[in-house]
Amino acid sequence: MLIQPITYTDYNGETHTENFYFNLTRSELIEMDAMLPGGMENTFNLIKDKNDVPALMQAFKTILLKSYGIKHADGKRFEKSEEIYRAFEQSPAYDEFFMSLVQDDGTMSSAFIKGILPKEKKVETTGIVKAAPSVEVV
């Protein structure tokens with residue numbers, strides 16, 4: 001799980017710093033891999049080979065939103081839903097974080113991808129792990 005402090009200015013002009021939580025489980029990764037033709041590794045390689053910036057941005061946005069959730073205080077639940085994704089995407093915190101990820105030299109975006117992945121070794125065979133070091137959003 002990645003805990004990311006984000007400083008942003010809300011729509012009332014007030015500045016806030018809050019912790020936001022991002023995580024992908026093994027089952028989520030397997031589902032994401034199965035949904036893409038040829039899997040994630042193949043998809044990222046095609047995007048990279050074609051230098052398809054719009055596809056890369058869309059893939060990165062999908063991963064960012066699908067990894068976002070609300071961690072319950074007891075640590076037993078990490079709640080995710082379309083409503084939660086949409087609320088985050090509509091927030092100035094999302095804009096601030098997204099821009100920080102895509103405007104760097106790729107270091108922060110790579111660290112983000114690696115930070116949201118489960119630590120279990122079984123996941124290392126999924127395409128996102130293999131593709132993460134070579135995926136740069138610039």
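Notes on the structure in this doc start here. From a predicted model like this one, the values you see are computed outputs, not experimental measurements. (Residues numbered from 1 in each chain as written. Predicted model: local features only at pLDDT ≥ 70, side-chain atom pairs only at ≥ 80, totals over all residues. Heavy atoms only, no water.)

### Some details on unusual backbone geometry
Of all residues except glycine, most have a negative phi; of all peptide bonds, most are trans.
Thought 1: Phi at Asn51 takes a positive value of approximately 50°, unusual for a residue other than glycine.
Thought 2: Tracing the chain through its elements places Asn51 in the loop between helix 2 (39-50) and helix 3 (53-67).
Thought 3: A residue is classified by how much of its surface remains accessible, and Asn51, at 60% relative accessible area, is exposed. (Helix = DSSP H or I, 4+ residues; strand = E, 2+ residues; numbered from the N terminus. Buried < 20%, exposed > 50% of the residue type's maximum accessible area, 1.4 Å probe, protein only.)

### Comments concerning the sheet that holds strand 4 (residues 78-79)
Thought 1: Spatial strand order, 1-2-3-4: four strands in an open sheet with antiparallel pairing. Taken across any chain shown, the strands that pair with only one partner, and hence form the sheet edges, are strand 1 (2-9) and strand 4.
Thought 2: Summarising the sheet, strand 1 and strand 2 (residues 15-22) pair through eight bridges and their orientation is antiparallel. When the sheet's bridge partners are listed, Ile6 is paired in strand 2 with Glu18.
Thought 3: Sitting on the sheet, helix 3 is in contact with strand 2, strand 3 (68-71) and strand 4, with an inclination near 10° to strand 3.
Thought 4: Across the sheet, helix 5 (residues 92-102) is in contact with strand 1 and strand 2; its angle to strand 1 comes to roughly 110°. (Pairing = 2+ DSSP bridges. Contact = heavy atoms within 4.5 Å. Axes fitted to C-alpha atoms, helices over the stretch in contact; angles between N-to-C directions.)

### As for the side chain of Asn23
Thought 1: Following the sequence through the fold, Asn23 ends up in the loop between strand 2 and helix 1 (26-35).
Thought 2: Its relative accessible area of 13% is what places Asn23 among the buried residues.

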